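Tertiary structure, described
Residue strings, one per chain:
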Amino acid sequence: MNTKPFHDLHVSTLGMGNMRLPQKGTAANAPIDWEASAEMIDYALEHGINYFDTAWVYNEGESERCLGAALKRHEADRDKFYIADKFNIDATTDYEMVFEKQLKRLQTDYIDFYLIHCLMDSNIQRYMDSGAIEYFQEQKRKGRIRFLGFSCHSSVETLRIFADKYEWDFAQLQINYYDWRYSATPAEYKILEERNIPCIVMEPVRGGKLATLPEAAEKLLRQAHPDWSMAAWAMRFVQTLPNVLVVLSGMSNMEQVEDNVKTFSTDNPGLSEVDKILLGKACEMFREYIHIPCTACRYCTADCPQQINIPEFISVYNKFKVNGTWGIKSDLKNIVTEGRPADCIQCGACMGHCPQNIQIPDVMTKVVEMEESL
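Let me begin by describing the structure that accompanies this report. (Residues numbered from 1 in each chain as written. Predicted model: local features only at pLDDT ≥ 70, side-chain atom pairs only at ≥ 80, totals over all residues. Heavy atoms only, no water.)

Some points on unusual backbone geometry
Despite not being glycine, Cys 118 has its phi angle at roughly 60 degrees, a positive value. In this structure, Gln 346 is a non-glycine residue whose phi angle is positive, near 60 degrees. By the secondary structure assignment, Gln 346 is in the loop between helix H14 (328-333) and helix H15 (360-373). You can call Gln 346 partly exposed: its relative accessible area is 41%. (Helix = DSSP H or I, 4+ residues; strand = E, 2+ residues; numbered from the N terminus. Buried < 20%, exposed > 50% of the residue type's maximum accessible area, 1.4 Å probe, protein only.)

Dropping the structure here:
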């Protein structure tokens, strides 16, 4: 397993995320399969993974308890593996209670990497006013936290403000080759790089979306490297970024652990320049497959008899295709509109105005199906 130096540690470049541990059943709230999870954690440790990430909100606390129980069996080697945990102010404001319970759940007297969880434009001021950051800084001085950082889902400007406001040992960003190409991810990464804040990567496979690509895209990549999985391509991309310390993977079964261990144990874990060009082409194919090319010109709305805010609904649908259901209900609720996709009478009045030739009535049907699935 490849490692990188961090202060006096050597941290595995692959970290095990514990948000998607195997469950007993297919329901979203099905309990974690502790036995299967312990086997995966044992395998990870045996093959050099030493960074294990969880959070207060994962599986309503069961993730912390399961991870704590699995690692407790290796307590003789406690100084050889590192636990990352988080405080989320949107879940509860009682940071002292959270931290004390986390130590008990994890069955440890210190946490190696502690994060202010899910920084957003909507909660940055609450975090800065709450006293939580000062409290965790004090826990670091006491040795109950070794390194203090934050995870971020905010705008670039909010990230810049937060990065400059305090002294941070590390920070966690969502980075993958799709976001690198189609979002502000490069600017976010640069903020950390310029401040010498090591980066932990989350969502390198974008919640699994990049593990399965359109047939043509997969064929292109497999011709270049038949022995690489689609997930391996995604993992290799983030390893090309020099300021990345650890890449987290939320592994759900042993096959994923084995595949990731293989990827992160190679002598050449990144991508060649030719590989990067091929991956860029595959990314374009993926975007074409999931993306409705609306430019929000709003030509379609003028003659809509139902007064549907068509571009906004298409924007949310595109987000759904890329991200899944996370945040979609809130996005739909916040759309200002007279009519909704379910009100579409399929008249086609919008079609004559669309410069992108989008089949808008068909898209409205897909949006309705999306809403019904939530």
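So that's the structure; there's more coming.
Here's the deal with the sheet that holds strand E8 (residues 170-174)
With respect to topology, eight strands assemble into a closed barrel ordered E3-E4-E5-E6-E7-E8-E9-E10, the strand pairing being parallel. Averaged over all adjacent pairs, the angle separating strand axes in this sheet is 30 degrees, with direction ignored. In terms of strand pairing, strand E6 (residues 111-119) meets strand E7 (residues 145-152) through six bridges, oriented parallel. In the sheet register, Leu 119 faces E7, and the bridge partner there is Cys 152. Taken strand by strand, helix H6 (residues 156-165) contacts E6, E7 and E8, and its axis lies near 165 degrees from that of E7. (Pairing = 2+ DSSP bridges. Axes fitted to C-alpha atoms, helices over the stretch in contact; angles between N-to-C directions. Contact = heavy atoms within 4.5 Å.)

Here's the deal with the packing of helix H10 (residues 230-239) against helix H11 (residues 254-264)
One way to put it is that H10 packs onto H11 with a least axis distance of 10 Å and a crossing angle of 40 degrees. Here H10 lies oblique to H11, going by the angle between them. Here H10 and H11 pass one another in a crossing that is right-handed. In contact with Ala 231, Ala 232, Met 235, Arg 236 and Gln 239 of H10, H11 contributes Asp 259, Asn 260, Thr 263 and Phe 264. Along the lines of polarity and charge, the residues of the contact of H10 with H11 split into four nonpolar, three polar and two charged. (Parallel < 35°, antiparallel > 145°, perpendicular 65-115°, else oblique. Left-handed = near helix turned anticlockwise from the far one by under 90°. Nonpolar A, V, L, I, M, F, W, Y, C, P; charged D, E, K, R; others polar.)

Regarding the nonpolar core
Phe 52, Phe 136 and Phe 162 are the most contacted members of the largest nonpolar core, which totals 87 residues. With eight residues, H10 is the single largest residue contributor to this core. If we ignore the near neighbours within four places in the chain, the residues touching Phe 136 are Phe 87, Tyr 95, Phe 99, Tyr 114, Ile 116, Ile 145 and Leu 148. (Core = buried A, V, L, I, M, F, W, Y, C linked by side-chain atoms within 4.5 Å.)

Comments concerning the pattern of salt bridges
Proximity of charged atoms lets side chains of opposite charge pair with each other. Summed over all chains, the structure comprises 22 salt bridges. The partner of Lys 80 in a salt bridge is Asp 77, and the shortest N-O contact between them spans 3.7 Å. Assessed through its relative accessible area of 34%, Asp 77 is described here as partly exposed. Across the pair Glu 218 and Arg 222 runs a salt bridge whose closest N-O atoms are separated by 3.7 Å. Of this pair, Glu 218 and Arg 222 both sit in helix H9 (residues 215-224), four residues apart, roughly one helical turn. The exposure class assigned to Glu 218 is buried, which follows from its relative accessible area of 16%. Taken together, the shared-partner salt bridges connect Asp 164, Lys 190, Glu 194 and Arg 195 into one network. (Salt bridge = Lys/Arg side-chain N within 4 Å of Asp/Glu carboxyl O.)

Overview of H11
Every buried residue belonging to H11 is among Val 257, Asn 260, Val 261, Thr 263 and Phe 264, and all of these are buried. Angularly, the buried residues of H11 cover 160 degrees about the axis, an arc narrow enough to put them on a single face. Structural note: H11 exposes Glu 255 and Lys 262 on the side pointing more than 90 degrees away from its buried face. If you follow the buried residues of H11, they end up packed against strand E3 (14-17), helix H1 (34-46), H10 and strand E10 (244-249). The backbone nitrogen of Glu 255 has a side-chain oxygen 3.2 Å away, supplied by the residue at the start of H11, namely Asn 253. (Arc of directions from axis to C-beta. Polar contact = N/O pair within 3.5 Å; in protein donor to acceptor, adjacent residues only side chain to side chain.)

Some points on the pairing of strand E9 (residues 199-202)
Side chains Cys 199 and Val 201 of E9 all project onto a buried face; the interleaved residues Ile 200 and Met 202 project onto the opposite face, where all are buried too. The pairing of E8 with E9 spans four bridges and is parallel. Counted as the bridge partner of Ala 171 is Cys 199 from E9. Where E9 meets E10, three bridges bridge the pair, whose relative direction is parallel. The partner of Cys 199 across the bridge, within E10, is Val 244.

That's the geometry; what it means functionally is another story.
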